[in-house]
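Coordinate analysis (summary)
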Amino acid sequence: VELKHFFGGYITKFNLARKLAQSGVRTRILTVDDTPQLPRDWQKRVEAYAGLDGMFDEVEIAFARDHDAPVEINPNDRFIATTWWTAHIADAAVRQTSRDRFLYLIQEYEPYTHPMGSWAALSMSTYEMPHVAMFSTELLREFFAAREYGVFAEGQEAGRENSMSFQNAITMVDPPSLAELEARTTRKLLFYARPEAHGARNMFEIGLLGLSQAIQRGVFGPEWEFHGVGAVDGGDRIGLGGGAVLELIPRLDQDEYAKLLTGHDIGLQPYRLFQGHQS
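These numbers were taken from a predicted model, which means no experiment stands behind them. (Residues numbered from 1 in each chain as written. Predicted model: local features only at pLDDT ≥ 70, side-chain atom pairs only at ≥ 80, totals over all residues. Heavy atoms only, no water.)

What follows concerns the overall build of the protein. Regarding its fold elements, the protein presents 9 helices and 13 strands. Along the three orthogonal principal directions, the C-alpha set of the protein runs to about 65 × 45 × 35 Å. Burial status across the protein gives 38% buried among its 279 residues. Restricting the contact set of the protein to residue pairs at least 6 apart, pairs at least 24 apart contribute 65%. Total accessible area on the protein is roughly 16,600 Å²; 52% of this is exposed by carbon and sulfur atoms. (Helix = DSSP H or I, 4+ residues; strand = E, 2+ residues; numbered from the N terminus. Buried < 20%, exposed > 50% of the residue type's maximum accessible area, 1.4 Å probe, protein only. Contact = heavy atoms within 4.5 Å. Areas by Shrake-Rupley, 256 points an atom, 1.4 Å probe, with all protein chains shown as cover.)

Next up, the structure:
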């Protein structure tokens with residue numbers, strides 16, 4: 001649990017835990033990475049996200065990495081992996097139970113989040129482990145099916161039988177009316193800007209080049225402002241040429257993020273293109 005990295009992917013994981021608990025299943029979240037010093041109100045901050053109000057009354061949380069003693073489990077426990085490195089842990093843990101596979105919450109094809117090296121190879125190997133796949137979006141499920149990755153390695157029928165998909169929830173936003181847009185004297189573009197190394201898959205540099213070229217070609221005039229959202233810290237200003245500047249906005253809570261979206265005219269998110277397909 002690290003609040004500055006608590007983006008949509010983690011909101012999804014906690015919502016899944018909450019839904020399981022509400023269905024009558026005893027549910028526990030095990031953290032496997034070192035946990036930084038958390039503020040006293042950290043649970044309140046987590047519960048402020050959509051769908052998570054009161055979740056810690058229903059879901060147990062154990063900071064497994066922060067204790068010397070092993071975490072006790074029951075032979076009938078089931079495990080859910082939410083990242084490639086927790087998949088390695090879940091695969092080992094399942095062998096100490098009566099189960100033969102784990103549920104794998106797959107929110108992206110994680111080898112693409114690393115340079116082609118050891119981490120990418122370790123990530124890729126998790127799709128060969130016995131699991132049932134839970135994909136965030138049918139589009140991602142079709143990506144795996146088309147390439148016969150993971151549960152689809154044994155064929156389409158087996159892949160469909162051992163997988164499911166869901167549509168990610170998105171932040172509720174009240175769109176501005178046409179009259180409000182027309183009344184604005186300043187135009188604003190919001191760029192999903194992730195300059196950190198761990199966000200390289202979002203192709204920050206490609207988006208930056210695209211904006212710079214568009215400004216040089218006169219697509220955007222002097223009435224336009226350029227803001228970047230998604231960086232962990234923010235606060236930086238990056239020159240785009242022609243006097244234009246991209247301002248990286250510090251992390252916002254969910255309500256402020258919704259207001260930010262409403263206050264902009266258009267958004268930019270570079271597509272990721274792999275093997276001739278969009279993902």
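Picking up after the structure, the text goes on.
Here the focus is the sheet that holds strand S4 (residues 102-106). Across the sheet, which stays open at both edges, the 4 strands sit in the order S3-S4-S5-S6 with parallel pairing between neighbours. Taken across any chain shown, the strands that pair with only one partner, and hence form the sheet edges, are strand S3 (80-81) and strand S6 (163-166). Bridging between strand S5 (residues 131-136) and S6 involves 4 bridges; their strand directions are parallel. Opposite Ala-133, over in S6, you have Ser-163 as the bridge partner. (Pairing = 2+ DSSP bridges.)

So, on to helix H9 (residues 254-262). Burial in H9 covers these residues: Gln-254, Ala-258 and Leu-260. For H9, the angular spread of buried residues about the axis comes to 160°, placing them on one side. Away from its buried face by more than 90 degrees, H9 exposes Asp-255 and Lys-259. For H9, the elements touching its buried residues are strand S7 (187-192) and strand S8 (224-229). (Arc of directions from axis to C-beta.)

Topologically, Ser-177 is positioned in the loop between S6 and helix H7 (178-183). Ser-177 sits in the partly exposed class, given a relative accessible area of 32%.

The next subject is the packing of aromatic side chains. If you walk through the whole model with that rule in mind, you get 21 aromatic pairs. Plain terms: the ring middles of Tyr-109 and Phe-144 are 5.6 Å apart, the flat faces sit at 80° to each other, and that makes the pair edge-to-face. Taken together, the residues Tyr-109 in the loop between S4 and helix H4 (118-125) and Phe-144 in helix H5 (residues 138-147) connect sequence positions 35 residues apart. Of the two residues examined, Tyr-109 and Phe-144, each falls in the buried class. With a centroid separation of 5.8 Å and 5° between ring planes, the pair formed by Phe-191 and Phe-204 is classed as stacked. (Phe/Tyr/Trp six-rings, centres within 6.5 Å; stacked < 30°, edge-to-face > 60°.)

Moving on, we get to the sheet that holds strand S10 (residues 244-248). As summarised here, the arrangement of the 5 strands in space is S9-S10-S8-S7-S11, forming an open sheet in which the pairing is mixed. Sheet topology places strand S9 (237-241) and strand S11 (266-268) at the edges, where each strand pairs with a single neighbour. Pairwise comparison of adjacent strand axes, ignoring direction, gives a mean angle of 25° for this sheet. Both S7 and S11 contribute to a ladder of 3 bridges, which runs parallel. Bridge pairing links Leu-189 to Ile-266 in S11. The strands that helix H8 (residues 204-216) touches are S7, S8, S9, S10 and S11; relative to S9, the one it contacts most, it runs at about 45°. (Axes fitted to C-alpha atoms, helices over the stretch in contact; angles between N-to-C directions.)

On to the nonpolar core. Buried together is how nonpolar side chains tend to be arranged in soluble globular proteins. Ranked by size, the top nonpolar core spans 21 residues in total, and within it Phe-102, Tyr-104, Ile-106, Phe-135 and Phe-144 carry the most contacts. For this core, the element with the most residues is helix H3 (residues 84-94), which contributes 5 residues. For Tyr-104, the contacting residues outside a window of four places in its chain are Ala-81, Thr-83, Trp-84, Ala-87, Glu-110, Thr-126, Tyr-127, His-131, Val-132, Ala-133 and Met-134. Ile-11, Ala-21, Ile-61 and Phe-63 belong to the second-largest nonpolar core, a separate cluster that totals 18 residues. (Core = buried A, V, L, I, M, F, W, Y, C linked by side-chain atoms within 4.5 Å.)

Right, let's get into unusual backbone geometry. In this model, Thr-137 sits at a positive phi of 95°, which is unusual for a non-glycine residue. Its relative accessible area of 22% is what places Thr-137 among the partly exposed residues. Here Met-203, not a glycine, exhibits a phi torsion of approximately 55°, which is positive. Within the secondary structure layout, Met-203 lies in the loop between S7 and H8. Overall, the relative accessible area of 23% leaves Met-203 in the partly exposed class.

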